[in-house]
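Now for the letters of each chain:
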Amino acid sequence: TANILEVKGLKKYFPFKKGLLGKAMEYVRAVDGVDFHIGYGETLGLVGESGCGKSTTGRTIMRLLEPTEGEIFFEGQNITRFNKKQLRQVYKHMQLIFQDPFASLNPRKAVGDAVDEVLLVHGMKDGVKRRERVEELFDMVGLRKEDMDKYPHEFSGGQRQRVVIARALAVNPKLLICDEPVSALDVSIQAQIINLLMELKERLKLSYLFISHDLRVVRHISDRVAVMYLGKIVEMAPAEDLFREPLHPYSKALLSVIPVLKPGQKRKKLVLEGEVPNPVNPPTGCRFSTRCKYATKQCSEIEPPIKLVGNRHFVACHLC
Ligand code: SF4
Ligand code: MG
């Protein structure tokens with residue numbers, strides 16, 4: 001198979017009981033029927049406002065959350081119902097990097113030991129070899145040997161994220177799911193980490209699912225971009241095409257808040273008004289209809305199917 005990851009009809013609903021005495025179950029439809037694939041060596045950016053289901057998508061793919069419906073194929077293997085033992089094999093090849101590097105590191109453990117531990121868990125028994133490997137990993141992410149004995153609080157946010165990346169790379173993964181990996185960092189540091197991730201991608205032939213609410217960040221690292229709104233993908237296209245000419249009104253609005261770099265080039269600012277509606281009761285028809293300035297009667301009645309409109313360019317909108 002040419003794809004490292006394939007996601008088919010993925011849904012993740014979180015059930016809850018309505019009201020104190022309620023018996024009826026309701027569902028937060030965090031991910032509501034998502035399809036995409038990632039080719040070997042490819043980076044797919046997944047963007048949208050917070051609360052659109054991006055993180056839930058990433059966690060469900062990692063099987064940290066049980067999928068409600070749909071299927072996940074990793075290297076052609078259907079991992080949707082893999083048990084813990086089977087998943088451990090998968091995690092040698094697929095790793096997750098979280099948003100907050102501080103929260104994902106044990107404050108009482110020297111960072112070198114945190115990486116060492118991963119190697120041990122994955123069966124590297126020889127302590128000397130492990131030490132060498134940790135050194136190699138630290139070097140790979142731009143940290144020094146001396147840093148291995150330090151604790152998380154002794155590092156800046158960017159350095160901590162480098163540690164987290166080293167730890168994720170320890171098992172030689174092929175796919176990294178990066179969930180807002182730079183969102184907690186200063187803008188100047190963001191670029192450094194993005195560059196590191198791009199460099200590592202080339203060097204180690206990695207593939208990425210790169211989740212971010214920030215389109216500027218996604219732009220440089222992604223080969224293709226999927227735009228998610230209220231649990232669904234509304235547009236998916238090669239990054240260049242999406243940034244040059246977004247077609248879905250939601251993508252247009254998201255993009256319009258990015259400053260245009262070339263002088264003379266203007267982008268009309270389309271303000272996104274209101275908040276993302278409640279995913280317990282998403283709007284009927286097109287989910288964006290309550291915020292879309294082009295919405296017609298049809299939009300609130302009929303859900304627009306996602307259609308191929310150009311070279312690998314998909315859009316779900318009645319207007320396109
Ligand atoms: Fe807007 Fe209608 Fe397109 Fe939805 S289908 S994005 S409401 S124009
Ligand atoms: Mg998130």
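Residues numbered from 1 in each chain as written. Chains lettered and ligands numbered in written order. Predicted model: local features only at pLDDT ≥ 70, side-chain atom pairs only at ≥ 80, totals over all residues.

Undergrad: Break down the sheet that holds strand β5 (residues 77-78) for me, citing the residues and quoting the values.
TA: Reading across the sheet, the 4 strands line up as β2-β1-β4-β5 and stay open at both edges, with antiparallel pairing between neighbours. The open sheet has two edge strands with one neighbour each: β2 (25-39) and β5. Alignment of strand β4 (residues 69-74) against β5, held across 2 bridges, turns out to be antiparallel. Bridge pairing in β5 places F74 opposite Q77. (Pairing = 2+ DSSP bridges. Helix = DSSP H or I, 4+ residues; strand = E, 2+ residues; numbered from the N terminus.)

Undergrad: Provide a residue-level description of the environment of P15, including the pertinent values.
TA: Within the secondary structure, P15 sits in strand β1 (residues 3-17). Classification of P15 as exposed rests on a count of 9 C-beta atoms within 10 Å. Along the chain, P15 and V280 lie 265 residues apart, while their C-alpha atoms are 9.6 Å from each other. Each residue touching P15, except ones within four places of it in the same chain, is listed here: M25 and Y27. (Buried ≥ 20, exposed ≤ 12 C-beta atoms within 10 Å, placed from the backbone. Contact = placed C-beta atoms within 7 Å.)

Undergrad: Explain the confidence of the model for the protein residue by residue, including any values.
TA: When the pLDDT values of the protein are averaged, the result is 92; 95% of them are 70 or greater. Scoring of the predicted complex yields 0.93 for pTM and 0.97 for ipTM. (pLDDT = per-residue confidence, 0-100.)

Undergrad: Break down the site of ligand 1 for me, with residues and values.
TA: As a structural note, the neighbourhood of ligand 1 is formed by 13 residues, with C286, C292, A295, C299 and C317 the closest of them. When its residues are assigned to classes, the shell around ligand 1 shows 10 nonpolar, 3 polar and no charged. (Near = placed C-beta within 6 Å. Nonpolar A, V, L, I, M, F, W, Y, C, P; charged D, E, K, R; others polar.)

Undergrad: Describe in detail the nonpolar core, supporting the description with residues and values.
TA: In this structure, V115, A166, I177, F210, A226 and V227 are the most contacted members of the largest nonpolar core, which totals 84 residues. Residue contributions to this core peak at 6 residues, all from helix α5 (residues 157-169). Setting aside chain neighbours within four positions, we find V227 in contact with V47, G48, I233, V234, E235, H248, Y250, S251 and L254. (Core = buried A, V, L, I, M, F, W, Y, C linked by C-beta atoms within 7 Å.)

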